[in-house]
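For reference, the chains in residue letters:
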Amino acid sequence: MKGRILAVLLAGSMVFSMAACSSGRDGGQTSGSGEVKTAEGSKDETEIQVFIAASLNTVMTELANMYNEEHPEVKITFNPDSSGTLLTQIEEGYECDIFFSAAQKQMDELEADGLMAEGTRSNVVNNQVVVVTLKDSGTKVTGLENLGEAESIALAGGSVPVGRYTRQALISLGILPETDDPASITTEQISEALGGVEISEQDNVSKVLSAVVEGSCEVGTTYYSDTYGYEDELDILQTVSYDLTGDVIYPIARVVNEEADEAQSAAADDFLAFVLSDEAKAVFDSYYFDTEVE
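Residues numbered from 1 in each chain as written. Predicted model: local features only at pLDDT ≥ 70, side-chain atom pairs only at ≥ 80, totals over all residues. Heavy atoms only, no water.

Next up on the list: the packing of helix H3 (residues 57–70) against helix H10 (residues 262–275). Two measures define how a pair of helices packs: the angle their axes make with one another and the distance between the axes. H10 packs onto H3 with a crossing angle of 115° between their chain directions and a minimal axis gap of 11 Å. In this structure, the crossing between H3 and H10 has a hand that is right-handed. Contacts from Met60, Leu63, Ala64, Met66 and Tyr67 of H3 reach H10 at Ala267, Asp270, Phe271, Phe274 and Val275. For the contact of H3 with H10, the residue count by class is 9 nonpolar, no polar and 1 charged. (Axes fitted to C-alpha atoms, helices over the stretch in contact; angles between N-to-C directions. Helix = DSSP H or I, 4+ residues; strand = E, 2+ residues; numbered from the N terminus. Left-handed = near helix turned anticlockwise from the far one by under 90°. Contact = heavy atoms within 4.5 Å. Nonpolar A, V, L, I, M, F, W, Y, C, P; charged D, E, K, R; others polar.)

Structure representation (structure tokens):
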């Protein structure tokens with residue numbers, strides 16, 4: 001029941017993600033709710049629930065529309081949020097067919113909980129943390145090394161992968177103390193380490209980007225892929241090396257969904273295979289993801 005309620009609540013999130021890219025397609029059309037309608041004479045509609053890291057929303061919308069050109073009978077409902085929030089929802093029993101995380105940690109926990117369909121896990125893309133500001137902001141910040149010179153910083157919380165990667169990079173630079181769990185470092189501790197700078201903690205990477213684009217924060221740390229479409233609005237002050245963050249791998253897997261019927265499970269398997277295809281790889285490349293992963 002909880003999964004079905006979530007599907008209704010999430011329909012609104014698809015207004016922006018599915019409608020933006022669906023015009024001019026020959027397959028399904030999107031309704032005002034973002035649901036993909038079947039073409040006349042097609043198979044009965046099947047709906048799959050796909051939980052994706054917020055930084056994947058734009059590229060996955062494009063991939064869903066490509067998939068629906070050949071499979072208009074499959075309605076793909078996305079739930080974009082931080083990987084930590086999505087994992088919690090799955091653990092609480094929300095209906096989910098596919099989980100696409102921005103970090104291995106959440107996928108490891110999903111597997112440990114026995115909620116992953118065996119043999120379906122794959123690494124899809126790599127990403128990089130970037131420090132961004134509005135164009136012509138006049139910031140003194142050039143990167144993480146002098147982040148404390150900002151008037152204000154947008155930073156994701158520790159449970160959000162980009163927030164954890166940023167904390168790890170600051171540890172690698174000696175700005176934050178060593179710890180076994182970078183995610184446990186609070187925003188207050190980071191502010192203190194940076195000389196008392198104002199930090200606005202955000203729930204996911206998209207909100208970090210919005211805080212910078214809207215000018216409410218001078219700088220922020222997001223993913224390189226999230227700067228797609230904002231090239232005229234943002235300056236990338238630093239592309240943080242993997243030496244500081246470690247790899248930023250995005251894994252995907254099928255989730256054990258006891259509510260799914262045979263058609264739904266088959267559709268989820270097929271869409272997962274499409275996301276891993278060479279055709280999809282070219283799309284990920286165009287959205288600034290690195291597809292050279294092991």
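A sheet is described by the order of its strands in space; here 5 strands give the open sequence E9-E8-E10-E7-E11, paired in mixed fashion. The strands lining the two open edges of the sheet, one partner per strand, are strand E9 (198–202) and strand E11 (234–239). Averaged over all adjacent pairs, the angle separating strand axes in this sheet is 30°, with direction ignored. In this structure, strand E7 (residues 129–134) lies alongside E11, joined through 5 bridges in antiparallel fashion. Following the sheet pairing, Val130 is matched in E11 by Thr239. (Pairing = 2+ DSSP bridges.)

This next bit is on the sheet that holds strand E12 (residues 248–254). Strand order in the open sheet made by the 5 strands is E4-E3-E5-E12-E6, with mixed pairing throughout. Both outer strands of the open sheet, strand E4 (74–81) and strand E6 (122–127), are each paired with one neighbouring strand and no more. Strand-to-strand twist of the sheet, defined as the mean angle between neighbouring strand axes without regard to direction, takes the value 20°. Bridge count between strand E5 (residues 98–100) and E12: 3 bridges; the pairing is antiparallel. In the strand pairing of E12, Ile98 is matched with Arg254. Sitting on the sheet, helix H4 (residues 83–91) is in contact with strand E3 (46–53), E4 and E5, with an inclination near 135° to E3.

Before going further, it helps to examine the nonpolar core. Here is a general trend for soluble globular proteins: nonpolar side chains tend to be buried in one another's company. Ranked by size, the top nonpolar core spans 70 residues in total, and within it Leu56, Met60, Phe100, Tyr250, Phe271 and Phe284 carry the most contacts. Not counting residues up to four positions away in its chain, the partners in contact with Phe271 are Ile48, Val50, Met60, Leu63, Ala64, Tyr67, Ile76, Phe78 and Ile98. Of all hydrophobic cores here, the second largest spans 11 residues; its members include Phe51, Met116, Ala253 and Val255. (Core = buried A, V, L, I, M, F, W, Y, C linked by side-chain atoms within 4.5 Å. Buried < 20%, exposed > 50% of the residue type's maximum accessible area, 1.4 Å probe, protein only.)

A separate point is helix H11 (residues 278–286). Among all positions of H11, only Ala280, Val283 and Phe284 are buried. Buried residues along H11 cover an arc of 100° about the axis, so they all sit on one side. Taken from the residues just after H11, Tyr288 is the one with a positive phi, measuring 75°. (Arc of directions from axis to C-beta.)

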